[in-house]
Structures are given as structure tokens and as C-alpha cells.
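The lines below spell out each chain.
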There are 4 protein chains.
Amino acid sequence: MANDVTPLGDTAPPGYAAPPGYAATKDAHLKRLARIEGQVRGIARMVEQDQYCINVLTQISAATKALQAVALGLLDEHLGHCLVHAVEAGGQEKDRKLAEASAAIARLVRS
Amino acid sequence: MANDVTPLGDTAPPGYAAPPGYAATKDAHLKRLARIEGQVRGIARMVEQDQYCINVLTQISAATKALQAVALGLLDEHLGHCLVHAVEAGGQEKDRKLAEASAAIARLVRS
Amino acid sequence: MANDVTPLGDTAPPGYAAPPGYAATKDAHLKRLARIEGQVRGIARMVEQDQYCINVLTQISAATKALQAVALGLLDEHLGHCLVHAVEAGGQEKDRKLAEASAAIARLVRS
Amino acid sequence: MANDVTPLGDTAPPGYAAPPGYAATKDAHLKRLARIEGQVRGIARMVEQDQYCINVLTQISAATKALQAVALGLLDEHLGHCLVHAVEAGGQEKDRKLAEASAAIARLVRS
């Protein structure tokens with residue numbers, strides 16, 4: 001599976017091929033991400049135009065909050081699908097997925 | 001001055017025309033923002049390709065941290081330039097800029 | 001069950017009586033919380049003694065991180081026990097617990 | 001000056017003796033810190049009583065937000081007093097205090 005963004009640690013479970021937890025809301029996530037990409041481009045344009053620092057900071061806070069909202073949505077779906085399936089599967093898969101979810105939550109809380 | 005991103009509250013001081021606090025590091029900020037824009041586009045591509053939720057979350061945490069780093073850089077320069085000038089100017093301008101900086105810091109801490 | 005701290009929204013499931021998810025690590029959590037209580041008392045003493053603002057802020061950052069660490073530990077155990085049981089129970093209980101966990105994670109990420 | 005909490009890095013400027021930036025609001029800060037200390041003690045009591053994990057997490061989020069509010073208040077006063085004095089003093093003192101304030105802000109944003 002091609003991946004232009006280098007994952008920073010976790011990898012999909014071996015043989016991962018199922019639709020991800022966010023399959024049903026994929027379009028909504030893509031729309032939000034396109035909007036955030038536009039926000040970041042807008043921030044660069046503000047810097048390019050020497051706009052006032054505080055206004056640039058306001059936009060960065062807004063983009064950061066928007067990214068967090070996408071992350072919280074994905075995480076909610078991950079718990080409700082992938083984690084539920086792993087619990088039903090039981091065994092190592094369950095433990096691995098629980099540890100992985102906790103690590104992802106810790107990264108979000110600390111970022 | 002055209003501004004494609006709607007400011008969420010603060011506005012530049014009346015007659016703001018001076019180079020912003022980040023004038024000396026503008027190129028570095030633009031490079032970082034271009035990289036973050038690419039990260040967000042990469043995240044959208046991961047979602048488009050149904051990649052594993054946890055890997056998408058890892059990239060969102062990384063992009064969030066990168067945005068925060070830009071914000072902290074801009075804020076540092078803002079304090080060292082705009083705020084210093086305002087303190088030297090004194091009076092209302094000083095008070096206004098101090099309140100504005102505190103509000104921007106609060107937004108960052110809470111985002 | 002007496003509760004001197006007013007819960008801010010969620011309540012235990014009706015009939016909640018089982019040991020909580022953190023039963024096995026209760027002592028470790030209590031030790032950490034006692035240490036954090038001491039940190040907060042130390043911060044108050046610094047303010048009482050007119051100590052330097054930046055030093056007070058450093059201690060507040062440390063106490064905040066320590067509280068987050070307790071929260072992440074409790075959450076990890078909650079997912080591994082309470083949520084796993086709810087998934088195994090299935091039905092409304094599963095959905096309720098998933099929504100509740102997501103809401104708790106969102107509060108942590110935003111605090 | 002006795003300090004029961006070990007400072008994690010910054011130290012008061014040599015010869016620091018002046019009232020801190022928060023002198024005028026000291027009582028309000030002490031009241032808030034006493035309340036937070038009570039919150040942390042309440043969280044420990046909840047754990048002691050095996051209360052439901054999610055309710056404990058809700059209280060930790062509340063205590064974390066309360067600590068952040070104290071920090072933002074102290075920082076606002078620090079900028080308005082200590083930093084303003086340092087700018088007026090100029091020279092090395094100004095640069096040192098600006099770097100120190102930025103570092104404290106970065107710790108808050110990341111905690």
C-alpha cells in the first residue's frame with residue numbers, strides 16, 4: 001500500500017485490508033482536511049504578505065483545533081470499529097490494539 | 001491589505017504597516033508552513049486510500065506539533081519586536097498589546 | 001457512595017459496583033496523586049513567598065503533565081477493562097460506553 | 001529564599017527581591033490553588049473509593065484546566081510587570097527575560 005507520508009511508528013496489522021473504521025464518514029473527513037489544507041495555505045499567504053503576527057497566530061490556533069477535531073472523530077470511529085473487532089477477536093490482537101489505541105491517545109493529548 | 005483568511009477577533013493596530021516581528025525569519029516560516037501543507041495533503045491522501053486509522057492519527061499529531069512550533073516561533077518574535085516596541089511607546093498602545101499577547105497565548109494553550 | 005467532588009456530567013452505569021478498571025494499579029495512582037497534591041501545595045507556598053513568576057509557571061507545567069499522566073494511565077486501564085467488558089456485553093451498553101470513552105478522550109485532549 | 005519545590009530550570013534573576021508580577025492578585029491565586037489542591041485530594045478520594053474511571057477522568061480534566069487558568073493569569077501579570085520592567089531596563093536583562101518568557105510559554109503550550 002503506497003504511503004506518501006512516512007508513518008512514525010505504528011503499522012497496520014499484518015494483512016490489514018478491511019475498510020478502516022472511518023469508512024462511513026470518509027467524505028466528511030476529506031472535506032474537513034481539504035478545508036484545513038486551505039487554512040494552512042492561507043496562513044502561509046498571511047506570512048508572505050507580512051500580516052500582523054497576532055492575526056497569524058489566531059489562524060494557527062484555529063487550524064490546530066480543526067486538526068484535533070478530525071483526530072477525535074477518527075479515534076471515535078477507530079474505537080467503535082477496529083477496537084470492537086479486536087476485542088471480539090480476542091487474544092494477542094485485542095492486547096495489541098488496546099496498547100496501540102492508548103499510545104495514539106497519549107500522542108494526541110500531548111500534541 | 002487582502003486577507004483570504006478571516007481573522008477571528010484581533011486586528012492589526014490602526015495604521016499597522018511596519019514589517020511584522022517575524023520579518024527576519026519569514027523564509028523559514030514559509031518553508032515550515034509549506035511542509036505542513038504537504039503533511040495535511042498527505043493525511044487526506046491516507047484517508048482517500050483507506051489507510052489504517054492509527055497511522056492517520058500519528059500523522060495528525062505530527063502536523064499539530066509542527067503548527068504549534070510555528071506558532072511558538074512567531075510568538076517569540078512578536079514578544080521580542082512588537083511587544084518591545086509597544087512597551088517603549090507606552091500608554092494605551094502598551095496595554096493593548098499586552099492584553100492582545102496574553103489572549104493569543106491563552107488561545108494557543110487551549111488549542 | 002459518597003462523592004465529595006461533583007461529577008461534571010457522566011455517571012457510573014446504573015448498578016455500577018464492580019471494581020474499577022484501575023483496581024490493579026490503585027496504589028500507584030494514589031501515590032502519584034499524593035505527590036501531585038504536594039506539588040500544588042508547593043506552588044501555593046511559592047506564591048505565598050512571592051517567588052519568581054517563571055519558577056511558579058515551571059512547577060505548574062510539571063503538575064499539569066503529572067495529572068495528564070495519571071489520566072492517560074486511568075484511560076488505558078478503562079479501555080482494557082470497562083470498555084472490553086462493555087463490548088463483550090454488547091448492545092446499548094457497548095454503544096453507551098464507547099460514546100462515553102470518546103467524550104472523556106475529547107475532554108482530555110482539549111484540557 | 002526557601003523553596004520546597006525544586007525549580008526545573010529557570011532561576012530568578014540574580015538579586016531578585018522585588019515583589020513578583022502577581023503581587024496585586026496574590027490572594028486570588030492562593031484561593032484558586034487551595035481549591036485545586038482540594039480537587040486533587042478529591043480525585044485521590046474517588047480512586048480510594050473505587051469510583052468509576054470516567055468520573056475520575058472528568059475531575060482530572062477539570063483540575064488540569066484550573067491549573068492552566070492560574071498559569072495564564074500569572075503569565076499575563078508576568079508580561080505586564082516583569083517583562084515590561086526588563087524592556088525598560090534594556091540590554092541583556094531584556095533579552096534574557098524575553099527568552100525566559102518564550103520558554104515558559106512553550107512549556108505551557110506543550111503541557
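None of these values were measured; they are calculated from a predicted model. (Residues numbered from 1 in each chain as written. Chains lettered and ligands numbered in written order. Predicted model: local features only at pLDDT ≥ 70, side-chain atom pairs only at ≥ 80, totals over all residues. Heavy atoms only, no water.)

> Looking at this structure, how should I read the overall build of chain A?
The secondary structure content of chain A amounts to three helices and zero strands. Tracing chain A from N to C terminus, the helices and strands come up as α-α-α. A burial count over chain A gives 56% of its 111 residues as buried. Carbon and sulfur atoms make up 53% of the accessible area of chain A, which amounts to about 4600 Å² in all. (Helix = DSSP H or I, 4+ residues; strand = E, 2+ residues; numbered from the N terminus. Buried < 20%, exposed > 50% of the residue type's maximum accessible area, 1.4 Å probe, protein only. Areas by Shrake-Rupley, 256 points an atom, 1.4 Å probe, with all protein chains shown as cover.)

> Would you take a moment to explain empty space enclosed by the protein for this structure?
Here the idea is plain: a probe the size of a water molecule rolls over the atoms and shows the empty space left. Applying the stated criterion across every chain, the model contains one cavity of 30 Å³ or more. In this structure, the largest cavity spans a volume of roughly 90 Å³. Forming the boundary of the largest cavity are 17 residues, of which Ser-111 of chain A, Val-109 and Ser-111 of chain B together with Val-109 and Ser-111 of chain D lie nearest the centre. Where the lining of the largest cavity is concerned, the elements lending two or more residues are α3 (91–110) of chain A, α3 (91–110) of chain B, α3 (91–110) of chain C together with α3 (91–110) of chain D. Ranked by the residues each element gives to the lining of the largest cavity, the list is headed by α3 of chain B, at three residues. Considering only residue class, the lining of the largest cavity consists of five nonpolar, eight polar and four charged. (1 Å grid on protein atoms, 1.4 Å probe; cavity = no way out; pocket = protein on both sides within 12 Å on 5 of 7 lines; lining within 4 Å. Points joined across faces, edges and corners; volume = space filled by probe spheres on them. Nonpolar A, V, L, I, M, F, W, Y, C, P; charged D, E, K, R; others polar.)

> I keep staring at the confidence of the model for chain A and nothing clicks. Help me out?
Caution applies to low-pLDDT parts of the model: their predicted coordinates are not meant to be read in detail. Residue and element names in this part refer to chain A. Taken as a whole, chain A shows an average pLDDT of 88; of its residues, 84% reach a score of 70 or greater. Predicted confidence is poor over residues 1–10, with pLDDT under 50, and the contacts of this stretch with residues over four places away or in other chains come to 22 contacts. Both confidence scores are given for the complex: pTM 0.86, ipTM 0.85. (pLDDT = per-residue confidence, 0-100. Contact = heavy atoms within 4.5 Å.)

> What am I meant to see in helix α2 (residues 53–89) of chain B here?
Structural remark: α-helix, 3.6 residues per turn; residues separated by three or four positions point the same way. All names here are of chain B. The end-to-end C-alpha distance of α2, which contains 37 residues, comes to 52 Å, matching closely the 54 Å that a straight helix rising 1.5 Å per residue would cover. Counting buried residues in α2 gives 28 out of 37 residues, a clear majority hidden from the surface. Downstream of α2 by a residue or two, Gly-90 has a phi angle that is positive, lying close to 75°. (Expected span 1.5 Å × (residues − 1).)

> Just checking my understanding: could you explain the pattern of salt bridges for this structure?
Pairing between side chains of opposite charge can happen when the charged atoms of each approach one another. Residues and elements named next belong to chain A. Enumeration over the complete set of coordinates arrives at 20 salt bridges over all chains. Across the salt bridge formed by Glu-37 and Arg-41, the nearest N and O atoms sit 3.1 Å from each other. Pair noted here: Glu-37 and Arg-41 are both in helix α1 (residues 26–48), with a separation of four residues, about one helical turn. Its relative accessible area of 13% is what places Glu-37 among the buried residues. Residue Arg-41 is classed as partly exposed on the basis of its relative accessible area, which comes to 35%. (Salt bridge = Lys/Arg side-chain N within 4 Å of Asp/Glu carboxyl O.)

> Teacher, can you tell me more about the environment of Glu-88 of chain C here?
With respect to the element layout, Glu-88 of chain C can be found in helix α2 (residues 53–89). Once the C-alpha coordinates of Glu-88 of chain C and Tyr-52 of chain C are considered, the two residues, 36 residues apart in sequence, prove to be 53 Å apart.

> What am I meant to see in the packing of α3 of chain A against α2 of chain B here?
Each pair of packed helices gets described by two things: the angle between the helix axes and the distance between those axes. Two numbers describe how α3 of chain A lies on α2 of chain B: the axes approach to 9 Å, and their chain directions differ by 15°. Between α3 of chain A and α2 of chain B, the angle falls in the class roughly parallel. Our pair here, α3 of chain A against α2 of chain B, has a crossing hand that is left-handed. Contacts between α3 of chain A and α2 of chain B involve Glu-100, Ala-101, Ala-104, Arg-107, Leu-108 and Arg-110 of chain A from the former and Ile-54, Leu-57, Thr-58, Ser-61 and Lys-65 of chain B from the latter. Split into classes, the residues belonging to the contact of α3 of chain A with α2 of chain B amount to five nonpolar, two polar and four charged. (Axes fitted to C-alpha atoms, helices over the stretch in contact; angles between N-to-C directions. Parallel < 35°, antiparallel > 145°, perpendicular 65-115°, else oblique. Left-handed = near helix turned anticlockwise from the far one by under 90°.)

> Sorry if this is basic, but what is going on with the packing of helix α1 (residues 26–48) of chain C against α2 of chain C here?
All names here are of chain C. It is the contact of α1 with α2, at a shortest axis distance of 10 Å, that shows an interaxial angle of 160°. Judged on the interaxial angle alone, α2 and α1 are roughly antiparallel. As α1 runs across α2, the sense of the crossing is left-handed. Residue composition of the contact of α1 with α2, grouped by class: 14 nonpolar, five polar and two charged.

> Can you help me understand a positive patch on the surface in this one?
Among the surface-exposed residues, Lys-65 of chain A, Arg-110 of chain B, Arg-110 of chain C together with Lys-65 of chain D lie close enough to one another that they form a single positively charged patch. Locating Lys-65 of chain A in the fold gives a position in helix α2 (residues 53–89). (Patch = residues over 30% accessible without salt bridge, like charges linked within 9 Å, V, L, I, M, F, W, Y side chains within 5 Å. Lys, Arg positive; Asp, Glu negative; His and termini not counted. Charge placed at Lys NZ, Arg CZ, Asp CG, Glu CD.)

> What am I meant to see in unusual backbone geometry here?
For residues besides glycine, phi is generally negative; the peptide bonds are generally trans as well. All names here are of chain B. Located in the positive-phi region is Asp-50, a residue other than glycine, with phi close to 60°. Assignment of secondary structure puts Asp-50 in the loop between α1 (26–48) and α2. According to the relative accessible area criterion, Asp-50 is partly exposed, its value standing at 27%.

> Even after reading the chapter, I still don't get the side chain of Glu-77 of chain B, so can you show me in this structure?
Inspection of the secondary structure assignment puts Glu-77 of chain B in helix α2. Excluding residues within four positions of it along the chain, Glu-77 of chain B makes contact with Gly-21, Tyr-22, Thr-25, His-29 and Cys-82 of chain B.

> Explain the environment of Ser-102 of chain A to me, please; I cannot follow it from the model alone.
As for its placement among the helices and strands, Ser-102 of chain A is situated in helix α3. With relative accessibility at 14%, the residue Ser-102 of chain A sits in the buried group. A sequence separation of 33 residues divides Ser-102 of chain A from Ala-69 of chain A, and the C-alpha atoms of the two residues are 18 Å apart. Among all residues touching Ser-102 of chain A, those that are not within four sequence positions of it are Asp-76 and Leu-79 of chain C. A polar contact is formed between the side chain of Ser-102 of chain A and the side chain of Asp-76 of chain C, at a distance of 2.5 Å. (Polar contact = N/O pair within 3.5 Å; in protein donor to acceptor, adjacent residues only side chain to side chain.)

> Would you explain the environment of Ala-63 of chain A in this entry?
As for its position among the elements, Ala-63 of chain A is in helix α2. Ala-63 of chain A sits in the buried class, given a relative accessible area of 0%. Those residues within four positions of Ala-63 of chain A in sequence are excluded, and the remaining contacts are Gln-39 and Ile-43 of chain A together with Leu-67 of chain B.

> Is there a simple way to explain the state of the cysteines in this structure?
Chemically, a disulfide is nothing more than a covalent bond linking the sulfur atoms of two cysteines. In this structure the tally under the stated criterion is zero disulfides over all chains. Free of any disulfide, Cys-53 of chain C has its nearest cysteine sulfur in Cys-82 of chain D, 3.6 Å distant. (Disulfide = S-S within 2.5 Å.)

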